[in-house]
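A structural walkthrough
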There are 4 protein chains.
Amino acid sequence: MSFTVAVAGASGYAGGEALRLLLGHPEARIGALTAHSNAGSALGEHHPHLRALADRVLVPTSAATLAGHDVVVLGLPHGASGAVAAELGDDVVVIDLGADHRLTDAGAWAQFYGGPHAGSWPYGLPELLHAGETTAAAQRAALAGVHRIAVPGCNVTAVTLGLQPGIAAGLIDPLDLVAVLANGYSGAGKALKPHLLASEAFGSAQPYGVGGGHRHVPEIEQNLRRAGAPDVTISFTPTLVPMARGILATATARLRPGTDPATVRAAWEAAYADEPFVHLLPLGPGGAPQWPTTAATLGSNTALVQVVVDERAGRVVTVTAIDNLVKGTAGGALQSLNLALGLPETLGLTSNGVAP
Amino acid sequence: MSFTVAVAGASGYAGGEALRLLLGHPEARIGALTAHSNAGSALGEHHPHLRALADRVLVPTSAATLAGHDVVVLGLPHGASGAVAAELGDDVVVIDLGADHRLTDAGAWAQFYGGPHAGSWPYGLPELLHAGETTAAAQRAALAGVHRIAVPGCNVTAVTLGLQPGIAAGLIDPLDLVAVLANGYSGAGKALKPHLLASEAFGSAQPYGVGGGHRHVPEIEQNLRRAGAPDVTISFTPTLVPMARGILATATARLRPGTDPATVRAAWEAAYADEPFVHLLPLGPGGAPQWPTTAATLGSNTALVQVVVDERAGRVVTVTAIDNLVKGTAGGALQSLNLALGLPETLGLTSNGVAP
Amino acid sequence: MSFTVAVAGASGYAGGEALRLLLGHPEARIGALTAHSNAGSALGEHHPHLRALADRVLVPTSAATLAGHDVVVLGLPHGASGAVAAELGDDVVVIDLGADHRLTDAGAWAQFYGGPHAGSWPYGLPELLHAGETTAAAQRAALAGVHRIAVPGCNVTAVTLGLQPGIAAGLIDPLDLVAVLANGYSGAGKALKPHLLASEAFGSAQPYGVGGGHRHVPEIEQNLRRAGAPDVTISFTPTLVPMARGILATATARLRPGTDPATVRAAWEAAYADEPFVHLLPLGPGGAPQWPTTAATLGSNTALVQVVVDERAGRVVTVTAIDNLVKGTAGGALQSLNLALGLPETLGLTSNGVAP
Amino acid sequence: MSFTVAVAGASGYAGGEALRLLLGHPEARIGALTAHSNAGSALGEHHPHLRALADRVLVPTSAATLAGHDVVVLGLPHGASGAVAAELGDDVVVIDLGADHRLTDAGAWAQFYGGPHAGSWPYGLPELLHAGETTAAAQRAALAGVHRIAVPGCNVTAVTLGLQPGIAAGLIDPLDLVAVLANGYSGAGKALKPHLLASEAFGSAQPYGVGGGHRHVPEIEQNLRRAGAPDVTISFTPTLVPMARGILATATARLRPGTDPATVRAAWEAAYADEPFVHLLPLGPGGAPQWPTTAATLGSNTALVQVVVDERAGRVVTVTAIDNLVKGTAGGALQSLNLALGLPETLGLTSNGVAP
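Residues numbered from 1 in each chain as written. Chains lettered and ligands numbered in written order. Predicted model: local features only at pLDDT ≥ 70, side-chain atom pairs only at ≥ 80, totals over all residues. Heavy atoms only, no water.

**Brief notes about the nonpolar core**
All names here are of chain C. We count it as follows: Nine residue types can take part in a nonpolar core, namely buried Ala, Val, Leu, Ile, Met, Phe, Trp, Tyr and Cys, and a core is a set of them joined through side-chain atoms within 4.5 Å. Categorising residues by exposure relies on relative accessible area from a 1.4 Å probe, with only protein chains included: less than 20% of the type maximum marks a residue as buried, more than 50% marks it as exposed, and the intermediate range marks it as partly exposed. Strands are runs of DSSP state E lasting at least 2 residues, helices are runs of H or I lasting at least 4, and numbering of each runs from the N terminus. Segmentation of the chain into domains, including their bounds, is taken from an automatic or database domain assignment. Whether two residues are in contact is decided by their heavy atoms: any pair within 4.5 Å suffices.
By size, the foremost hydrophobic cluster in this structure holds 50 residues, and its most contacted members are Val-159, Leu-163, Ile-172, Ile-234, Val-264, Trp-268 and Val-316. Sort the elements by how many residues they give to this core and helix α7 (residues 154-168) lands first, with eight residues. Here this core gathers at least three residues from each of two domains, domain 1 (3-152 + 326-341) and domain 2 (155-322). For Leu-163, the contacting residues outside a window of four places in its chain are Ile-172, Leu-177, Leu-224, Ile-234, Ala-251, Thr-252, Ala-253, Trp-268 and Thr-318.

Structure follows, in C-alpha cells:
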C-alpha cells in the first residue's frame, strides 16, 4: 500500500526530519518538496545529511504544488497551515506538524496564539490515555482512517507521557503539577535570532517561555483532562541546554495521600507495558532506577520514562526523554499516519537510537 | 593584611578553582598544595590553566603539610575533612569546601551522608536571609572573625538564593516547593565514572539524585527554615547537561493567595538591591523579563536571579544562574573568608563573567 | 540469505554500533553478545539506546560463546582479536573491527603496535583504489566471498578517501602529505581516562598522537602505496574536539607542477561518481565549493569529500567527513560483509544522516 | 598613569572582551561605549556577563562620541575602522581590533580584502621575532610610545607563534608550511548566519576559508618574512568546531635536513623562555610532551606551544593554543597598549585560564 507524499516547509528542521524518516519508510514515495524563501534551491544546501534527496529542487509552497499526493506533511510556521490545508482535498491525508489544529478550545487558541482558530483535528498522540483507560486504545481508534492529523507539540508529548498514567489512575493531584524541561536547540527552529547562535549556546543553559505563557501549556492541560483530570494546573518551564536535539522533561505532582510506591509503579507499568515506543525503564541492580537520557533516544521514535516517589516531599517525580524531532514531531507524525492509513503502527520507525 | 594559605585537594576541580581565585586575591600568598594519589606530581599536569603554579609540586595531605599557614582550604571528599580539620589549630582559619560541616542536624547528616557527624561550622553564604530580615545582615555578622567556615553545596546556593526572598517575606508556601536544575559536569568532580565520560555527555541531558535522596535536600531545608519557614518540603532534581560549569536552577513555589506580582517583585528587589554578587535581572524593553543564563556567570562570583508570577498556575517561578565552581564553591568561600578576616567582602572577586 | 551473527565486545562503542546497524540489516539475526568485565550484565545498562536488545545478557568472550554463528564481529582491544580469531573455524566469517589484521608488513606492526603480528586479512575498504584504477573494483573483488575481514582504522578511512584519487591519478606528490583531523571522542573508546572526562572536553580542542607515532600512520601509507604511490611520507595529527562522533580530515598535498584545477576535480569526480557511500560535494551557487561537515554524516555510512586547489600554496586541499563509528568502523564493516556474503553492498546501510 | 578609554563596537564579541579586560585593568577608566544598530540599548542586553557595565547605554559610533578619550578601541567590521580612525586626533592612542591596518602591502590588501588600503600601523604582536632575533625585542621597541596599533588576526597570532622560532633560526623550510586550525565560533563574530546557529554547530566540525583565500594568509606571510623567511608558502585551513572560544593551531613545516630534535627544541625554548604570555610546554614524565589544549587558555592572555620532530615524515609539528578573544584579540591589544603607554606589559592581564 504505497503512498505518495509531499512535504511543505522541507528546508526547516521539522520538514527535514519528516523527509529523513520518510526515506526509511518502505511505502512512502517522496514527491514535491516545497519551501518559502528557499524555493528554487537544492535540498542539499539546507539538509546536506539527506544524501538521497540532495539534488531535489525546492518548489514554492502552494495548493498547486502540494496537490496530487496521497499524503501532505505541513512543516509550516504556526498560523500558516490552516490556510494551506483548507485548499487540500478531503481525500488527501494532511499531517500538520505545526500548532494550528491541536487545540479544541478556540478560547485557548485565541489567548495563547491569537488570530482565528483553524479548528481542531484528530490528535496524533496514539499513546494518549483517555479517562478510565489503563492502556491507550481510544486514541488509536480515533486516528484510524482519518484524513487530518494534528501532531502534538514536542514538549507536550514529553510531559503528557510522563504524567498521564498517574492522572488516569487517579494517583496524583492534577492541580499541583510542575514540569521543567531541558531542551535541545532544534526545537526552536532555524530562525536567525541572536540567542540561537552557537557562541551563545555553548556552555549555557537559558530558560524561555517562563511563567505560564508558553503555548504548550493549554495543550498539556487538554491532554491531561482527556486522561481524566477534572481540571489541570501546571507550572511549565522549558530550558535551552547545549545540545541540538532532545527533551528531558522532569515532571512532578503531589501524590494522593496514602498511595504506596508500588501502586505508582504499577500504574506506569500498566500504561506502557505494551507500547512499542514508550518504555518505563527498569530498576537496575540494587533497585536503583535507570534514568532516561536524551542521548539514548537520538534519532529514534522512543520515549524513555522513569517514575519514583519522593516520600520526603510527598511527590511523584517522573522523567521522560524523547528526541524532539522524532517522537516529538516527525516520528510521532509517521506513527499516526500509519494508523490513519491502516498500516502497521511501527512501520518505518525505529526504537533504537544513535549513541554515543 | 596578607595571609598565607594552603589548599588541600589541589588537583581536584574545587581545589583548582580555589587556587585560580587566590592567584587573583591581592592579600593571598599561596603555600602548600596537597593531594592524595596525585602527590609528587606537578600541579601543571592537573591544572594546565594555572600557569603561575604550573611547576609547583603537590605534597601529601596531612596536618603536617597543612600546618603553618594562616588559612587552610579543604577541597576533600565528603567525610574526609572532619579528621583533617580536627588536627588544625584553632588559630588557623579553615574553610571546608566539602559537606562535612554544613548540617546542624546530626540526624539529617546520618540519614543523607552516614557516618559520624563532624559538627557544624559557621555557614559560608553571606547573603542568607534570617527570619525577619529584608536584607542579609545576620549571616554576615555570623561570619565575622570566625576561624571555621562551611561552604554551602553549589546547588544549595542556587536554590536558596532563588527562593529565600519569598520565604522571608511570607509570600510563598514553603511546603510546596519544586526545584529542577541544569548542571554542568564539573559539579560531579573529576571521578572516573562511565556516565561522566565526554562521549556520554555530548548531546545528552541526564538526571541524577532524583526522588528526595540528594544530599543537598536537607541543606536547602535548613537554609529556608533559617529564612523563616516553619517547615520545608521540596522536590529537588538536578540534571546533568552538556557543559562544564554552571547551574541554572528553576525553583517554583505556590504563591500565597491574594499576593500580587508587584509585591513579589518588591520582595526580591529588596533582598538583593545592595548585594554585590546577587542581582535581580531587570524587566527589559516591553516589560519582558531578562532571564539568567549560566554563560553570563562563568568565572564570576555572580548569581543572576529572575522571578515571575505564573497567575494561571498560581505559582512563583524563580530562575537562578551561578557558576558552580565560583559562587557555588570557591568564590563563595573567598567571599566568606574576606568576612572572616575583616577584609572588604568583594576583595579579589569579580562580578564580571567570561562570555561568550 | 539470512545469517546469524555474534558480537564480541558488545558493551564498547564499536560493538554497540555494530549492533545498531545489524538491527537494521534485513538478513542479520543477532546471536551471542559477549563482553569481558561487563559479562553478566544486561546490554541495556551499557547501550540504553539499543531498545530492541536492552534485556539481552552479555556472556563472556570466548571461542565457545562465539561458536555456532555464521558471522562473528570482533570489537576487541588491539592485540586481543588475533587469539580469539584463531579459534574460530574457517567457515565462519570473522570481521575484526580492531587493528590486529590490518597491516601487511610485520615490521610496521612491530614498530607501531609491538608484540607478535597476527597476519593480515582482506582489507575492508571497498572504495580503496588500486594502482592504475580510476574507480575501485579490485578491492571489491578482493572482498568477495572472503571469510576474514580487517576493518580499517577510522582516521585511515577518512584520509585515504580524501587523498587517493590524486595519488592514483599521479597528480599529487605522495612524499609531501599533511593531514590534520578533528575527531569526536567516541574514537577514543569508553576508557576511563582523565582527558576523556566530559568536564575536560567541553570547550576544548586537544591533539593526540602527534609527531609520527600514531598507529594509523603505517596503515595510511599502506593504502596510498596500494593506490599507486611508490612511497609515502605523511605528517598526521588527530585532534579531539568537543563532539561524540565524527571525523573531519583536512589532508593536503603538493600539486604536481602544471596540473590545472579542472584536472584535479575530474580525478576526484571519476573516483567517486559511482560510489554509493562516498560523495564529492558540488560547487554551489557562484562556484563556491560546498564543504563537508561531520554533522551531515552522523549515523550514516556516508563519506563527504571536497577538494580544491590552493594555487598560492601550490597544494591540493581535501576535506573528508565521516562518522567514525559508521563509515569509519561498523558501517564499513557491514558494507564489506555484504560483499563477502554476496549480498547487495548497500544492504542495511543508509546514506542519510541524522541532523541537526 | 590612568587613562580614559572608549570602545567602538561595544556590543560585538571583540568589543565585549575588550571591556571585560579593561574592567580588570587598574589604570583604565571606561568612557563611551558605542555601537551601530544597537545604539540606544543597554550594554547588559548584549553582554549580560559584564555586570559592572550592565546599565551603560550604547551611543552611536562617531568621531564625536569617541572624542575626548586617551585611548579608543575599535571593534568594527573590516573596512570600517579606517574612516573612523582618520577622524581621531594624533594624540589619541587608537587600537584597531579589525584588519584595516594590519597589512603593509597594499597589493595584498587589495587582493584579499578589496577596497582602498588604509595603510599599516605598528603591529600589536609584541612577541613577533624579527630576522636574526632569538627573543623578541625589536617588535616591543616598535610599539613603545606609539599612538596607533593594529591588532593581529587571531589565527595569525596562533600560527605565527607556533612557527616563528623555526623560521628565525633557519631550521624549517618556509616554502612548505601547512596549518590547520580548530576554531571556536566566537571568531566568526555575532553575525546572524545559518551556519553559525547552535543547532548546526553542536556535534559538527566544518571548514571555512579553505584553499588559499582566507584573509589571514597574507598576514601570516608578512609575519614570517619579518621573522626571516625570504619567502613564505603556507596552506592554511581553519575549521569551526563546537566550542565558543579557542584556537588550536597545528602548524607543520619540513625540517632542514640534518637538524636534530634537540636543536629544534632549543630554538623554541630560547624564543619563549622569557615571555610572560607564551609558554613552551614541558616534556612530561617519561619524556612525553604535554600538549596544549584550548580549555587551558580560556579567558587568559596565554599562548601554549608545543613542538616535536616527526622523523618519519621529516617535519616539525607545532601545536599552539590561545583564546581567540584574549591573546588573539583583546588581550593582545591590551598588552600592546601597555607597551604604547609605557606601562608594565602584563598590567591588567592574567596568564591563568578558567578551567574546566
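**Overview of the interface of chain D and chain C**
Definition in use: We define buried area as the total accessible area lost by two parts upon association, computed with a 1.4 Å probe and summed across both. Put simply, a salt bridge is a Lys or Arg side-chain nitrogen that is within 4 Å of an Asp or Glu carboxyl oxygen. Side-chain atoms alone can form a polar contact between residues adjacent in sequence; in general such a contact is a pair of N or O atoms within 3.5 Å, and within protein one must be able to donate a hydrogen while the other accepts it. Following the grouping adopted for this structure description, the nonpolar residues are Ala, Val, Leu, Ile, Met, Phe, Trp, Tyr, Cys and Pro, the charged ones are Asp, Glu, Lys and Arg, and the polar ones are all others, Gly among them.
Listed per partner, the contact involves 47 residues of chain D and 47 residues of chain C. Summed over both sides, the interface between chain D and chain C buries roughly 3500 Å², with carbon and sulfur atoms accounting for 62% of that surface. With its nearest N and O atoms 3.4 Å apart, the salt bridge here joins C:Asp176 to D:Arg254. Inspection of the region where chain D meets chain C yields 12 residue pairs in polar contact (both at pLDDT 80 or more). In terms of residue count, the dominant contributor to the side of chain D that touches chain C is strand β7 (residues 172-183) of chain D (five residues). Its residues assigned to classes, the side of chain D that touches chain C shows 24 nonpolar, 15 polar and eight charged.

**Quick word on the side chain of D:Thr302**
Mapped onto the elements, D:Thr302 comes out in the loop between β11 (278-280) and β12 (303-310). Not counting chain neighbours up to four residues away, the residues in contact with D:Thr302 comprise B:Arg51, D:Phe277, D:His279, D:Thr297, D:Ala321, D:Ile322, D:Asp323, D:Lys327 and D:Ser351.

**Remarks on the relation of the copies chain D and chain C**
Quick note on the threshold: Least-squares superposition of the copies uses the C-alpha atoms of those residues scoring a pLDDT of at least 70 in each of them.
Of the transformation superimposing chain D on chain C, the axial component is 0.0 Å and the angular component is 180°, with the fit at an RMSD of 0.0 Å. Such a combination of rotation and displacement between the chain copies is what one expects of a two-fold axis. No C-alpha of chain D lies nearer the rotation axis than that of D:Pro242, which sits 2.9 Å from it. Take the interface residues of chain D: 100% of them recur as interface residues in chain C, which is what a same-surface contact looks like.

**With respect to the pairing of strand β2 (residues 28-35) of chain D**
All names here are of chain D. The following threshold applies: Strand pairing is assigned whenever DSSP identifies at least 2 bridges connecting the two strands. A clockwise course of the path from the first strand over the helix to the second, judged with the strands pointing away from the viewer, identifies a crossover as right-handed.
Counting buried positions along β2 yields seven of eight residues, so the element is predominantly enclosed. With five bridges connecting them, strand β1 (residues 3-8) and β2 associate as parallel partners. Looking across to β2, one finds that Val-7 is bridged to Leu-33. In the classification by handedness, the crossover that spans β1, the intervening helix α1 (residues 13-23) and the parallel β2 is right-handed. Looking at chain direction, β2 and strand β3 (residues 59-60) are connected through two bridges and run parallel.

**Re the pattern of salt bridges**
Residue and element names in this part refer to chain B. Throughout the structure, instances matching the rule amount to 52 salt bridges over all chains. In this structure, Lys-327 and Glu-127 form a salt bridge, with 2.8 Å as the shortest nitrogen-oxygen distance. Taken as a pair, Lys-327 in helix α11 (residues 326-341) and Glu-127 in the loop between α5 (106-112) and α6 (138-143) lie far apart in primary sequence, 200 residues in all. A single burial state applies to Lys-327 and to Glu-127, both of which are buried.

**Re helix α7 (residues 154-168) of chain A**
Selection rule: Working rule for helices: expected span equals 1.5 Å times residues minus one.
Relative to the 21 Å expected for 15 residues at 1.5 Å per residue, α7(A) spans 21 Å between its end C-alpha atoms, a close match to the ideal helical length. Buried residues dominate α7(A), accounting for 14 of its 15 residues.

**Focus: the relation of the copies chain C and chain B**
Superposing chain C onto chain B requires a rotation of 180° together with a translation of 0.0 Å along the rotation axis, leaving an RMSD of 0.0 Å. Interface overlap between copies is the fraction of interface residues in one copy that are interface residues in the other; for chain C against chain B it reaches 100%, indicating a shared surface.

**Describing the environment of A:Leu240**
Residue and element names in this part refer to chain A. Mapped onto the fold, Leu-240 is located in strand β9 (residues 234-240). Taking the relative accessible area as the measure of exposure, Leu-240 reaches 2% and is therefore buried. For Leu-240 and Ala-99, which are 141 residues apart along the polypeptide, the C-alpha to C-alpha distance reads 20 Å. Leave out the neighbours within four places in its chain, and Leu-240 touches Asn-183, Gly-184, Tyr-185, His-195, Leu-196, Ser-204, Ala-205, Gln-206 and Tyr-208.

**Considerations on helix α9 (residues 217-226) of chain C**
All names here are of chain C. Extensive coverage of α9 is indicated by the burial of eight of its 10 residues. Of the residues making up α9, those classed as buried are Val-217, Pro-218, Glu-219, Ile-220, Glu-221, Gln-222, Asn-223 and Leu-224. For α9, the elements touching its buried residues are α5 (106-112), α7, β7 (172-183) and β9 (234-240). Once α9 ends, the next one or two residues include Gly-228, with phi positive near 125°.

**Overview of the sheet that holds strand β6 (residues 148-150) of chain C**
All names here are of chain C. The condition that has to hold: Geometry is summarised by axes, namely lines fitted to C-alpha atoms with helices restricted to the contacting stretch, and by angles between N-to-C directions that run from 0 to 180 degrees.
With parallel pairing, six strands are arranged side by side in an open sheet as β3-β2-β1-β4-β5-β6. Every interior strand has two partners, whereas the edge strands, β3 (59-60) and β6, have only one. As paired strands, strand β1 (residues 3-8) and strand β4 (residues 71-74) are joined by four bridges and run parallel to one another. Note on β4: the bridge partner recorded for Val-7 is Val-73. Strands β1, β4, β5 (93-96) and β6 of the sheet are contacted by helix α11 (residues 326-341), whose axis makes an angle of about 160° with β5.

**A word on the UniProt feature "active site" (unreviewed entry) in chain A**
Residues and elements named next belong to chain A. To keep things clear, this is the line we draw: UniProt positions are given in the numbering used here, feature names are shortened, and annotations may be inferred rather than shown by experiment.
Mapped onto this numbering, the UniProt entry annotates "active site" (unreviewed entry) at Cys-154. Structurally, the position occupied by Cys-154 is in helix α7. Given a relative accessible area of 13%, Cys-154 falls into the buried group. Once residues within four sequence positions are removed from consideration, Cys-154 is found in contact with His-216, Ile-247, Ile-322, Asn-324, Gly-328 and Thr-329.

**Looking at the sheet that holds strand β5 (residues 93-96) of chain D**
Residues and elements named next belong to chain D. Spatially, β3-β2-β1-β4-β5-β6 is the arrangement adopted by the six strands of the open sheet, whose pairing is parallel. Each of the sheet's edge strands pairs with one partner strand only, and the pair in question is β3 and β6 (148-150). Of the strands in this sheet, β1, β4 (71-74), β5 and β6 touch helix α11 (residues 326-341), which is tilted by about 160° from β5.

**Points about the environment of C:Asn324**
Residue and element names in this part refer to chain C. Positionally, Asn-324 belongs in the loop between β13 (315-322) and α11. For Asn-324, a relative accessible area of 2% translates into the label buried. Distance in space between the C-alpha atoms of Asn-324 and Glu-311 is 31 Å, their sequence separation being 13 residues. Leave out the neighbours within four places in its chain, and Asn-324 touches Cys-154, Ser-186, Gly-187, Arg-245, Gly-246, Ile-247 and Thr-329. Within the structure, Asn-324 has its side chain in polar contact with the side chain of Ser-186 (distance 3.0 Å). A distance of 2.7 Å separates a polar side-chain atom of Asn-324 from the backbone nitrogen of Gly-246.

**Some words on the environment of C:Gln290**
Looking at the element boundaries, C:Gln290 is found in the loop between β11 (278-280) and β12 (303-310). For the pair C:Gln290 and C:Gln306, spaced 16 residues apart in sequence, the C-alpha separation works out to 7.4 Å. What C:Gln290 contacts, discounting residues up to four positions off in sequence, is A:Gly44, A:Glu45, A:Pro48, C:Leu281, C:Pro282, C:Gly284 and C:Gln306.

**A few points about the interface of chain C and chain B**
Chain C puts 18 residues into the contact, and the matching count from chain B is 18 residues. At the boundary of chain C with chain B, total buried surface from both sides reaches about 1500 Å², with 70% on carbon and sulfur atoms. On the chain C side of the contact with chain B, C:Leu192, C:Leu197 and C:Phe202 bury the most area, a combined 42% of that side's loss. Along the contact surface separating chain C from chain B lie eight residue pairs in polar contact (both at pLDDT 80 or more). For the side of chain C that touches chain B, the leading source of residues is helix α8 (residues 198-201) of chain C, giving four residues. When its residues are assigned to classes, the side of chain C that touches chain B shows 13 nonpolar, two polar and three charged.

**Some thoughts on the domain arrangement of chain A**
By a widespread convention, an interface's size corresponds to the accessible area lost as its parts come together. Residues and elements named next belong to chain A. Looking at chain A, the domain boundaries give domain 1 (3-152 + 326-341) and domain 2 (155-322). A separation of 24 Å is found between the C-alpha centroids of domain 1 and domain 2. Taken together, both faces of the contact between domain 1 and domain 2 bury some 2800 Å²; the carbon and sulfur share is 56%. Per-residue buried area on domain 1 facing domain 2 is highest for Tyr-13, Phe-112 and Lys-327; these three make up 23% of the total on that side. Inspection of the region where domain 1 meets domain 2 yields three salt bridges. With a shortest N-O distance of 2.6 Å, Glu-275 and Arg-140 are connected by a salt bridge.

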